[in-house]
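Structure at a glance
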Amino acid sequence: MPIAVASLSGDQVRERGITASVDIAQVTTGVVIQQTDGRVDPYIRGLGSKVVILGEVGSVATYVDGVYMPEVYGGTYSLANIESIEVLKGPQGTLFGRNTAGGAVVIRTRDPQFTPEGRIEVGYGNLDAVAARGYATGPISDDVAISLTGNYNRRDSYYRDLVRGGRIADTEEYTLRRKLLIRPADNLEIVVAGDHARSEDPTSITAQPTGGYLGATESSLTASGPRQYIGDLEDQQRLAIQSGIAGTIRLDLSDMTLTSVTAYRYSRIVLDIDDDRTPLPIFNLYDRQPSKVFSQEVLLSSGSDKPVTWVVGGYYADQKARYDPLIISGINNLTLEAKANTQIYALFGEATWHLGDFELTGGLRFNRDEKSYSGGANGVTVVAGVDNAWESFTPRAILAYHPHRDLLVYGSYSEGFKSGAFDIVSFATTPLRSEKVKAYELGIKTQPAAMMTFNAAAFIYDRSDVQVQAQDPATGLPSLQNAAKARTYGAEAEVTVRPITGLSLQAGVTYLDAKYRRFPNALVYSQIPVPTGAVPGSLGYMPLFVDVSGQRVEGSPEWTVSLAGSYTIELPGGGSIRPSANLYTSSSSYFDRSVSISQESYTLLNAAISWQLSGSKGFSLDLWGRNLTDETYLLSNFLSFYGDSAHYNEPRTYGVTARFDF
């Protein structure tokens, strides 16, 4: 496949300790995942966005079994039957789904099987962590099979409450998923899937100021180290509910395949946030935000053994979201209500001509996004209704040289598009411009020896009208603006070696040089100077519009490196022992365009040892540890008028998991 993609099997997901959305960055170079108020914000090769505006989504899309997931929270990957996770790098849109400017995370779960099988897992770890997972599948009749998946996790918090004592922000979540496979004819397959997830995970909004805060005095309570909460809002919590149903139909038509994916999703988040993160009742936020999405995708693809292979398709989505309501209390009291609707229309296609050792691929996508919203404050309508539409054509072209199965060299050009938006919390009626990406890439994929594979790529991304988020000085809520231009130069390489039976070693490295080429009016916050001897930050932070041209783009460390290895030792009489480990290191990066807040370089080490009693079925036991060096780093940091808000990662965790396959 002549595109940059990182792929993990279900076994690798479990082996490398991927239990939540944020973990995927630890095993994939060039990927950074930040968290904002519980949402997961992926950045791929420096392309991404931190967006919490009503109805808006980031620049990286997430799909589960072909269904676009508009809302992504920490437990998205907490499933017991993952078949694979793929990270597609660069603009996507000529092959499937919703257009995406930065890349896509594609998750596939196993379809039901006609041979009965299943798995039960139970685990326990420090922080009083309890985990249970189950998966079962089998036939109902000769033509119908079913699978059931369940997942439950709970854990004590790692944040200390310095105001009231003890800990704050315990977490609990569960996920249920059902799939039904129907094969009424040899050429027809129908999969119906339903899922429901509920999570209470206040950790990602339990933040602390690290550089002083508005109103602080010498006697004020301050955090002396990481993971210390000093907010005045005690019952801080985040509840996220995600549910959905999807139907996938695959029909073989001689030398073509017709695929239809119909889906409906509902989500609701409940946020109670001490948004100033201080002991003072300055700014508390209470957000009730339901949303629902209907989507329909149709694909028609040719057989893979033709001189010309192709796929054409169409995509439609209707997304509705609202503040129900959004309440601000503290120094200022405000109640916001708003409704936002987005309709997406797309036609796309791609064809590949096989010309001897060469392959020429051309693709094109037409996008039209229509958005409207209305809203008001304190019972008074401010915007009765405003709407706008954004259109674009985004092409892709690839020339590949494929002389034999063990060598592929390619060059590609593609464009990405992220539609414009309305800055709803500011009740703006002038829309933001669409963000556009032009991506150039040269790559090689080769297997120089039976025991080795090697992939490498060099790329340039030119971005214009980049959509960025800051805090609105008037309301204290997030607002959007367009940056003018940004450019990313980069390169990456991955190698897998299997020198002896049972031993697998992987290494990956990504280099990024991502900077704003032109951004003369960036909204940033700078600490207000205080008299000598006064507490830094006690006067708060002032909003400034400054020129940040030439500065690094947030979410884009210069270097990321990942190393992984596992070794299966077969035991006399049956069974095996498999030690495994993965290491991830990142150079420093920024969270803010003022580059006043940075995450210094850090390294994470995860390891496990698995004992399989006998064969591929039966009992097994895993001893595991994550962040074994107890590294401390930031998952997010946000500057506002009140101070900065720092959210830290988990400390060292370890435990045991027992698994029974049947």
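Here is a short report on the structure shown in this document. (Residues numbered from 1 in each chain as written. Predicted model: local features only at pLDDT ≥ 70, side-chain atom pairs only at ≥ 80, totals over all residues. Heavy atoms only, no water.)

**Let's talk about the side chain of S412**
Stated formally: Per the convention used, a helix needs a DSSP run of H or I reaching at least four residues, while a strand needs a run of E reaching at least two, with both numbered from the N terminus. For every residue, the accessible area obtained with a 1.4 Å probe (protein chains only) is divided by the maximum for its type, and the residue is called buried under 20%, exposed over 50%, and partly exposed between those limits. Contacts: residue pairs with any heavy atoms within 4.5 Å of one another.
Assignment of secondary structure puts S412 in strand β23 (residues 407–418). When its relative accessible area of 17% is taken as the criterion, S412 is described as buried. Excluding anything up to four places from it in sequence, S412 contacts A397, I398, A439, Y440 and E441.

**Quick look at the sheet that holds strand β12 (residues 167–168)**
We count it as follows: DSSP calls a pair of strands paired once it identifies at least 2 bridges connecting them.
Across the sheet, three strands lie side by side as β12-β11-β15; this open sheet has mixed pairing. For this open sheet the edge positions go to β12 and β15 (228–229), each flanked by a neighbour on one side alone. Pairing of strand β11 (residues 159–161) with β15 involves two bridges; the strand directions are parallel. Note that in β15 the partner of R160 across the bridge is Q228.

**With respect to the packing of aromatic side chains**
Ring pairs (aromatic) are described by centroid distance and by the angle formed between their planes. The test is simple: Ring pairs are drawn from Phe, Tyr and Trp, using the six-membered ring of Trp, whenever the two centres fall within 6.5 Å, and their geometry is named by plane angle: stacked under 30 degrees, edge-to-face over 60, tilted for the rest.
Per the counting criterion, the structure on display carries 18 aromatic pairs. A ring pair is formed by Y158 and Y159, whose centres lie 5.6 Å apart and whose planes are at 35°; its orientation type is tilted. Taking the relative accessible area as the measure of exposure, Y159 reaches 0% and is therefore buried. Seen in terms of ring centroids, W390 and F422 are 6.0 Å apart; in terms of plane orientation they differ by 70°. Their pairing is edge-to-face. Of this pair, W390 sits in strand β22 (residues 380–404) while F422 sits in the loop between β23 and β24 (435–449), and the two are 32 residues apart along the sequence. Classification of W390 as buried rests on a relative accessible area of 8%. Linked through ring pairs, Y63, Y68 and F96 together constitute an aromatic cluster.

**Things to note about the sheet that holds strand β4 (residues 60–64)**
With mixed pairing, five strands are arranged side by side in an open sheet as β1-β6-β7-β4-β5. The sheet is open, and its two borders are formed by β1 (5–9) and β5 (67–68), each paired with just one other strand. Two strands pair when backbone bridges link them, and β4 and strand β7 (residues 103–109) are joined in this way by five bridges, in the parallel orientation. Residue pairing in the sheet places T62 in a bridge with V105 of β7.

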